[in-house]
Amino acid sequence: MWLTARQMLYNPRMDNAFTDRNVLITGGLGFIGSNLARRLVTLGARVTLVDSLIPAYGGNLFNVQEIAGQVKINISDVRDVHSLRYLVRDQDYLFNLAGQTSHMDSMTDPYTDLEINCRAQLSILETCRHYNPAVRIVFASTRQIYGRPDYLPVDEQHPVRPVDVNGINKMAGEWYHVLYNNVYGLRACALRLTNTYGPRMRVKDARQTFLGIWIRRLVEGQPFEVWGGAQLRDFTYVDDAVDAFLLAAASDNAAGGVFNLGDRQPISLRALADLLIEVNGGGEYVVREFPAGRKSIDIGDYYSDPRRICAALNWEPKIGLREGLRRSVAYYRAHLNQYV
Ligand SMILES: NC(=O)c1ccc[n+]([C@@H]2O[C@H](COP(=O)([O-])OP(=O)(O)OC[C@H]3O[C@@H](n4cnc5c(N)ncnc54)[C@H](O)[C@@H]3O)[C@@H](O)[C@H]2O)c1
């Protein structure tokens, strides 16, 4: 039973949409994928996670330790079309989150980014077209595809003009999903995520998000580095991102759409650093010039206009930045050894 956005208004847990349904999450051992898996388990879905566990990425078996007996875990690579063919069969939903997330890595090793974020996305869609055309797909896209904004807040009408290889490949991945929706009738849509944060993100380094390394340093009692500091950004707490993935999958209104996630209240990186220290009850940071390699691919100020998803899917972020940071710091205080 598919739900309209209006029906979901009265059924916010969306139980009917996922109970006893087969759900595949690519990148399911990663930050957002594992949080999504945990929620889907509570909704009664039969969840399969596929993840390559490449060490430089955010996959971590500890992320699913509490639900390990309730999900199937398939350690394989989405570049392998043979395993994909087997994995997509009989799935009702595909949350497609496997990705190379580092902007710098995409510049130093552009071909790997191309293979995972672009080519593999096309082959996932081809596999669905041939072996499971009824599956409903939500793709994890990124605000990075907009590049340096012409205006703020950035809505979905804003030109798409990526400033790095990762942005170009994610853009192609997103457009393949929309194309396959429009041409082949696969029901696919994309969420353009802004900085997403929370428990289970990678904190070992800044490959996934600078906030990860900030929190690691803070919990270790070390100063963290703020590059620049005046840039404006918006943030989504991971549980709110999970809500958006579920709404997008369950709603008939979403097919073929692209939707910004984000927060209407941007914050400068320096103010964010101050808030993090306040939430932690202490700590230090140092402000540094942007390293040259980073500066050339930085997008300056960015914050999203999420009105489209709010109106179409009835999504609203529920966790404010202060509370989200508090939960994140508490998580890494308890579990940092599993992430470094
Ligand atoms: N976290 C954010 O702020 C953010 C922002 C914009 C977009 N996104 C997108 O959301 C998705 C999830 O990101 P995340 O933050 O959870 O990162 P993550 O690194 O924690 O998750 C990605 C997962 O994909 C897996 N993976 C990578 N390549 C794979 C491959 N070839 N085969 C199988 N698995 C593979 C990784 O092992 C990892 O577990 C990504 O596609 C990312 O581009 C995230």
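The coordinates are above.
From a predicted model like this one, the values you see are computed outputs, not experimental measurements.

Conventions we followed
Residues numbered from 1 in each chain as written. Predicted model: local features only at pLDDT ≥ 70, side-chain atom pairs only at ≥ 80, totals over all residues. Heavy atoms only, no water. Patch = residues over 30% accessible without salt bridge, like charges linked within 9 Å, V, L, I, M, F, W, Y side chains within 5 Å. Areas by Shrake-Rupley, 256 points an atom, 1.4 Å probe, with all protein chains shown as cover. Salt bridge = Lys/Arg side-chain N within 4 Å of Asp/Glu carboxyl O. Helix = DSSP H or I, 4+ residues; strand = E, 2+ residues; numbered from the N terminus. Buried < 20%, exposed > 50% of the residue type's maximum accessible area, 1.4 Å probe, protein only. Core = buried A, V, L, I, M, F, W, Y, C linked by side-chain atoms within 4.5 Å. Pairing = 2+ DSSP bridges. Axes fitted to C-alpha atoms, helices over the stretch in contact; angles between N-to-C directions. Contact = heavy atoms within 4.5 Å.

1. Notes on a nonpolar patch on the surface
Together, L61, I73 and I75 line one region of the surface with nonpolar side chains, adding up to about 250 Å² of accessible area. Relative to the helices and strands, I73 is located in strand 3 (residues 71-75). Judged by its relative accessible area of 34%, I73 is partly exposed.

2. Regarding the nonpolar core
The biggest cluster of nonpolar side chains holds 73 residues, and the ones touching the most others in it are F18, L40, F95, W214 and F245. Looking at this core, the element that brings in the most residues is helix 9 (residues 238-250), giving ten residues. Listed in part, the 17 residues of the second largest apolar core include V78, V88, I124 and C128.

3. Some thoughts on the sheet that holds strand 11 (residues 258-260)
Ordered by their spatial adjacency, seven strands build an open sheet running 3-2-1-4-5-6-11, and the pairing between neighbours is parallel. With one partner strand each, in any of the chains shown, strand 3 and strand 11 form the two edges of the open sheet. On average, each strand axis in the sheet is inclined to that of its neighbour by 20°, with strand direction left out of account. As judged from the three bridges shared by strand 6 (residues 187-193) and strand 11, these two strands associate in the parallel manner. Counted as the bridge partner of A190 is V258 from strand 11. Along the sheet face, helix 3 (residues 31-42) touches strand 1 (22-26), strand 2 (46-51), strand 3, strand 4 (93-96) and strand 6 and points at about 165° away from the line of strand 1. Running over the sheet, helix 9 touches strand 4, strand 5 (136-142) and strand 6 and is turned about 140° from strand 5.

4. Describing the pattern of salt bridges
One pass over the structure, following the stated rule, counts 22 salt bridges. Two residues, R79 and D77, come together in a salt bridge whose shortest N-O distance is 2.8 Å. Residue classification places D77 among the partly exposed positions, given a relative accessible area of 22%. In this structure, K318 and D243 form a salt bridge, with 2.7 Å as the shortest nitrogen-oxygen distance. A residue pair is termed long-range when its members are at least 10 positions apart, and K318 in the loop between helix 12 (307-313) and helix 13 (321-335) and D243 in helix 9 qualify at 75 residues. A residue is classified by how much of its surface remains accessible, and D243, at 9% relative accessible area, is buried. When salt bridges that share partners are traced, they join D239, E323, R326 and R327 into one network.

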